[in-house]
Every structure is written in structure tokens, then in C-alpha cells.
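Now for the letters of each chain:
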Amino acid sequence: MSSEPAPFQDGLTHVLVIDDDRKLAGLIRDYLVPLGYAVELVHTGPEGAERAVAAPWHAIVLDVMLPGCDGFEVLKRIRAKSSVPILMLTARGEEADRIVGLEIGADDYLPKTFSTRELLARLRAVTRRSVIAQAKPAEAPMKELVVGNVRLNLDARVAAQNDKVLVLTPVEFDILAALMKSRGRIKSREALIENLRDREYEVFDRSVDVHIASLRKKLGDDAHQPRHIRTVRSAGYMFINPEE
């Protein structure tokens, strides 16, 4: 990703809401602003995709049903250039739609029947990692995890394989870090959910599996003959060193 926009300097948590429901988007803004959020509203798919990569947002709330192009297409365009945390917001309730969004790179999913408290809890969870990463001083000492040809810089939140940078979402990075920290030991889905969500709210079980599948694809791994992430039936996942 080239020439990223400079970080915000006002101490607020900046959120972009991409939703054609102007009333709902306005309600989200009115609820979040008094809580220390700066919220910008965009109401079409193409404009949302353009605005999403033009500023260093701490999080994006993205509706699925949008004019111009749908939220899945917007998500693809954002992920081609940015790893900003993205919360999918949609009236659709089918599991298939949730899985599609997660496979493309969303960090979480929230039906439009949400309460404002639930929205806040989920936003806090997905933005916490972004805020902490932006607050790190440039001279902070490097902390790394290295297993085989996979290397994680935990301070800069950069993942690389064979010195090639991997473009991971914040959730994917945290899953990979949790697995690498426990290399050779099983991490259950429940343990991964606790690491990701800080026990603030529940996540449907398949979400972890979808993120694991995405990680495998980015690592060039094979679930049937794993070189990095091994599935332990009825138990969870294990990160292994293919050289051992």
C-alpha cells in the first residue's frame, strides 16, 4: 500500500459510515459523536469506496445494500488498498451473507436490528487495535514472532512471509499472532474468540473458520496438507513450523 494518508491528530476515533439509509446513518452519528467519535456519512457505494481509502479511518461501518455498487464490492475495493477495521451492517440475516462478507475481509457483522449499545461494543472492539497501533511511537522497540518463514512485527502490526508483506485484516493478524504464540499447541475456537473480542460480545462460530480459511489462502497453505495451520478435529487449530 503506497502513500497512506497522515493519521488524525485530534484524539478522536474517526469512523466512516457508508449507508444509503440516511436516517439510520444520522442516528448512528448522533449517538457516537457525544462519546468521542468523529463520524462522516457517505450514502453510495462508489463514493464510499473512494472516501474509505482517502483518510486513515479507525473503523468503517459498511452497509451491504448500496446504490451504485453493493457493500461486498465496496469491501473488495477497500481491502485492495487498506486493512482498516470494517463492520458490516445489513438488513440481511442469512448466515451465507455473513460468511461472504467475512471471506472478503470484513472484521465483524451486525444485523440492522442492533441496539446502540451493541453497535458501540462492536465498534470499540474493532477500533481498539487500530487506535493502539496509531498511538505507538515510531521509535518503539520491535517485538517479533517468527515461525519458519512467517514473521510478525507485533508493534508495527506487519506480517511477512519470505520477506513478502502479507495484507491481513486486523482480525486475521490477531488470529495469526495468537496461533504463532502458541505454536505446536492447540488453540480452540473459544480461545481465539476470547483473544479477538475481549469477551465483550459473542461471535457466531463460523466466523473463526472463515478467517482461518482466509489466512490459509494468504499463506499459500492447504487445509488437507497443512504447512502452517493444522485443523485438530473437534478441538481447534494449531500453528506448525513446516521445517520441523
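Residues numbered from 1 in each chain as written. Predicted model: local features only at pLDDT ≥ 70, side-chain atom pairs only at ≥ 80, totals over all residues. Heavy atoms only, no water.

Enquirer: Could you clarify how one ought to interpret the overall build of the chain in this entry?
Expert: Across its full length, the chain carries eight helices and 11 strands. For the chain, the proportion of its 244 residues judged to be buried stands at 49%. Counting only contacts in the chain whose residues sit at least 6 apart along the sequence, the fraction spanning at least 24 positions is 61%. Within the structure as shown, the chain displays about 12,300 Å² of accessible surface, and the carbon and sulfur contribution to it stands at 49%. (Helix = DSSP H or I, 4+ residues; strand = E, 2+ residues; numbered from the N terminus. Buried < 20%, exposed > 50% of the residue type's maximum accessible area, 1.4 Å probe, protein only. Contact = heavy atoms within 4.5 Å. Areas by Shrake-Rupley, 256 points an atom, 1.4 Å probe, with all protein chains shown as cover.)

Enquirer: It is not clear to me how the nonpolar core should be interpreted in this structure. Could you clarify?
Expert: Generally speaking, nonpolar side chains in soluble globular proteins are found buried as a group. Counting 24 residues, the largest nonpolar core has Leu152, Leu176, Leu179, Met180, Ile229 and Phe239 as its most contacted members. Those elements giving two or more residues to this core turn out to be strand E6 (144–147), strand E7 (150–153), helix H6 (170–181), helix H7 (189–197), helix H8 (206–219) and strand E11 (236–239). Beyond its immediate sequence surroundings of up to four residues, phenylalanine 239 is in contact with Val147, Val150, Leu176, Leu179, Met180, Arg183, Gly184, Leu219, His228 and Ile229. The next biggest cluster of nonpolar side chains, apart from the first, holds 21 residues, and it includes Leu16, Ala55, Val74 and Leu75. (Core = buried A, V, L, I, M, F, W, Y, C linked by side-chain atoms within 4.5 Å.)

Enquirer: What should I look at first to understand the sheet that holds strand E3 (residues 59–63) in this one?
Expert: Either a parallel or an antiparallel arrangement is found when strands of a sheet pair, and the pairing is made through backbone hydrogen bonds. Spatially, the five strands line up as an open sheet ordered E2-E1-E3-E4-E5, and their pairing is parallel. Of all strands in the sheet, those bounded by a partner on one side alone are strand E2 (37–42) and strand E5 (108–111). On average, each strand axis in the sheet is inclined to that of its neighbour by 20 degrees, with strand direction left out of account. Bridge count between strand E4 (residues 86–90) and E5: four bridges; the pairing is parallel. In the sheet register, leucine 89 faces E5, and the bridge partner there is leucine 110. Packing of helix H3 (residues 71–79) onto the sheet brings it into contact with strand E1 (13–18), E3 and E4, and relative to E4 it is tilted by some 170 degrees. (Pairing = 2+ DSSP bridges. Axes fitted to C-alpha atoms, helices over the stretch in contact; angles between N-to-C directions.)

Enquirer: For this particular structure, what's the right way to read the pairing of E7?
Expert: Every regular strand shows the same layout, with side chains that alternate between the two sheet faces. As judged from the four bridges shared by E6 and E7, these two strands associate in the antiparallel manner. The partner of glutamate 144 across the bridge, within E7, is asparagine 153. Joining the antiparallel neighbours E6 and E7 is a turn of two residues, in which glycine 148 adopts a positive phi near 60 degrees. Relative to strand E8 (residues 158–161), E7 runs antiparallel, the two being bridged by four bridges. Across the sheet, the residue bridging to valine 150 is glutamine 161, located in E8. With antiparallel pairing between neighbouring strands as the criterion, E7 and E8 make up a hairpin whose turn holds four residues, including arginine 157 at a positive phi of roughly 55 degrees.

Enquirer: Is there a simple way to think about the environment of arginine 151 in this case?
Expert: The topology assignment puts arginine 151 in strand E7. Taking the C-alpha atoms as reference, arginine 151 lies 9.7 Å from lysine 164; in sequence the two are 13 residues apart. For arginine 151, the contacting residues outside a window of four places in its chain are Glu144, Leu145, Val146, Val158, Ala159 and Ala160.

Enquirer: Would you explain the UniProt feature "modified residue: 4-aspartylphosphate" (unreviewed entry) in the chain in this entry?
Expert: Within this numbering scheme, the UniProt entry marks Asp63 as carrying the feature "modified residue: 4-aspartylphosphate" (unreviewed entry). When you line up the elements, aspartate 63 lands in strand E3. Beyond its immediate sequence surroundings of up to four residues, aspartate 63 is in contact with Ile18, Asp19, Asp20, Gly71, Leu89, Thr90 and Lys112. (UniProt positions renumbered as here; feature names shortened; annotations may be inferred.)

Enquirer: Explain the sheet that holds E8 to me, please; I cannot follow it from the model alone.
Expert: Reading across the sheet, the four strands line up as E6-E7-E8-E9 and stay open at both edges, with antiparallel pairing between neighbours. Among the strands making up the open sheet, the edge pair consists of E6 and strand E9 (164–166). Ignoring which end each strand starts from, the neighbouring axes of this sheet average 25 degrees apart. Pairing of E8 with E9, which is carried by three bridges, proceeds in the antiparallel orientation. Pairing of alanine 160 across the sheet is with valine 165, part of E9. Sitting on the sheet, H6 touches E6, E7 and E8, and the angle it makes with E7 is about 115 degrees.

Enquirer: Can you walk me through the environment of aspartate 155 in this structure?
Expert: Take aspartate 155: it is sitting in the loop between E7 and E8. In sequence terms aspartate 155 and lysine 143 are 12 residues apart; their C-alpha atoms lie 6.1 Å from each other.

Enquirer: I'm lost on the pattern of salt bridges in this one. Help?
Expert: Two side chains that carry opposite charge are able to pair once their charged atoms sit near each other. Enumeration according to the criterion identifies 12 salt bridges in this entry. Here arginine 151 makes a salt bridge to glutamate 144, at a shortest N to O gap of 2.8 Å. Relative accessible area serves as the criterion here: at 37%, arginine 151 is assigned to the partly exposed category. For glutamate 144, a relative accessible area of 38% puts it in the partly exposed group. Salt bridges here are not isolated pairs; linked through shared partners, they connect Asp19, Asp63 and Lys112. (Salt bridge = Lys/Arg side-chain N within 4 Å of Asp/Glu carboxyl O.)

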